[in-house]
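# Residue-level structural notes
What follows is each chain in one-letter form.
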Amino acid sequence: MYMRRRSFTRPGNLHVRVWRYMDFTKFVSLLDSRSLHFTRTDKFDDPFEGSWPRTNVELRQKPPADMPQEKQASFIQSTRIIGPLSKGYRRFVFLNCWHMNENESAAMWRLYVKNDAGVAVQSTYSRLREAFNGRDAVYLGPVRYIDYDRDLIDMPYGYDTLCAYIHKRKSFEHEREIRAVVTKEAKVDGEIDWGSNVLSGGLKQPVDMDILVEHVYVAPTAPEWFADLVRSVVANYGYNFTVSPSKLSQGPIF
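Scope of this entry: the structure provided in the associated data block. (Residues numbered from 1 in each chain as written. Predicted model: local features only at pLDDT ≥ 70, side-chain atom pairs only at ≥ 80, totals over all residues. Heavy atoms only, no water.)

## Describing unusual backbone geometry
At R34, a position not held by glycine, the phi torsion is positive, near 50°. Within the secondary structure, R34 is located in the loop between helix 1 (24–33) and strand 2 (35–40). When its relative accessible area of 38% is taken as the criterion, R34 is described as partly exposed. If you check the backbone angles, R176 has positive phi at about 40° while not being a glycine. Along the chain, R176 falls in the loop between strand 7 (167–169) and strand 8 (177–183). On the basis of relative accessibility, which here comes to 41%, the residue R176 falls in the partly exposed class. (Helix = DSSP H or I, 4+ residues; strand = E, 2+ residues; numbered from the N terminus. Buried < 20%, exposed > 50% of the residue type's maximum accessible area, 1.4 Å probe, protein only.)

## Brief notes about the state of the cysteines
Inspection of every chain in the model, using the stated rule, returns 0 disulfides. We note that C97 lacks a disulfide partner, and the nearest cysteine sulfur, in C163, lies 17 Å from it. Relative accessible area serves as the criterion here: at 2%, C163 is assigned to the buried category. (Disulfide = S-S within 2.5 Å.)

## Topic: the nonpolar core
One finds F27, L36, F38, M209, L212 and V230 to be the most contacted residues of the largest nonpolar core, which totals 48 residues. With 5 residues, helix 8 (residues 224–236) is the largest single contributor of residues to this core. If we ignore the near neighbours within four places in the chain, the residues touching M209 are L30, L31, R34, Y239 and F241. Among the nonpolar cores identified, the runner-up in size contains 19 residues, and L95, C97, Y139 and I146 belong to it. (Core = buried A, V, L, I, M, F, W, Y, C linked by side-chain atoms within 4.5 Å. Contact = heavy atoms within 4.5 Å.)

## Observations regarding helix 1
Those residues of helix 1 that fall on the buried side of the exposure criterion are F24, F27, L30 and L31. One face of helix 1 carries all of its buried residues, which in axial projection span an arc of 115°. Turned more than 90 degrees off the buried face of helix 1, the exposed positions are T25 and K26. Positive backbone phi, approximately 50°, marks R34, located one or two places after helix 1. (Arc of directions from axis to C-beta.)

## Regarding the pairing of strand 8
Strand 8 sits mainly inside the fold: 6 of its 7 residues count as buried. Where strand 5 (residues 139–142) meets strand 8, 4 bridges bridge the pair, whose relative direction is antiparallel. Bridge pairing in strand 8 links Y139 to V181. (Pairing = 2+ DSSP bridges.)

## So, the pattern of salt bridges
Evaluated as defined, the whole model comprises 13 salt bridges. With a shortest N-O distance of 2.8 Å, R40 and D42 are connected by a salt bridge. For D42, a relative accessible area of 25% corresponds to the partly exposed category. Residue K168 pairs with E177 through a salt bridge whose shortest N-O separation is 3.9 Å. Classification of K168 by relative accessible area gives buried; the value is 6%. (Salt bridge = Lys/Arg side-chain N within 4 Å of Asp/Glu carboxyl O.)

## Some points on a nonpolar patch on the surface
A surface patch of nonpolar side chains, about 260 Å² in accessible area, is lined by I81, L85 and W194. Here I81 is to be found in the loop between helix 3 (69–79) and helix 4 (82–89). Judged by its relative accessible area of 48%, I81 is partly exposed. (Patch = residues over 30% accessible without salt bridge, like charges linked within 9 Å, V, L, I, M, F, W, Y side chains within 5 Å. Areas by Shrake-Rupley, 256 points an atom, 1.4 Å probe, with all protein chains shown as cover.)

Next up, the structure:
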């Protein structure tokens, strides 16, 4: 279920539209499983996922100004393990990503739907938040895009390791991402098992589909029969979502 986390901000408009672009097979899986797939962070293509910017790394190596001189060496030694631990912890953090936009995105269609057989599930931030109905805590918030050579991940509420998972490099700003985050630590005798290869294929989080889905759009280049197929499959699973052709398929009026 959705859980509030202070380090995860909310968009100014809680009813802003969010989109998930996918091929037809993933859409059928969503209908059938009534759950969203979360990918393990270290399985993403972006190697910066879950990492910290240079400024944060440099600051963690500086002892507090009021720390006694005799304790500073051990402090610096202890902070050196934060980097390896942060990298290893990515195996226990799982992400599900949405595009925040009031309108369809031609770029997102091209990125995530490689052929005509694709759809975009349109929801809103508030619907997505309320749709999660499983037992696991799901944290939700917009991604912040920063310069990893110059900027700082600020943590006004104290250190939160998940802050690294709601920041990305500025080169990804076009994604305008809303990100859902779940953690699943592998433990042995109450201690984290850092060598575990837990859930390498990801995990699913159950959702109330009637809350989640506001509209389904068919890929701009899809033939008319494909839209009919999507409507038929939706109906066969007992849903009554509105299925429409992409507005990008409409021609201009001169």
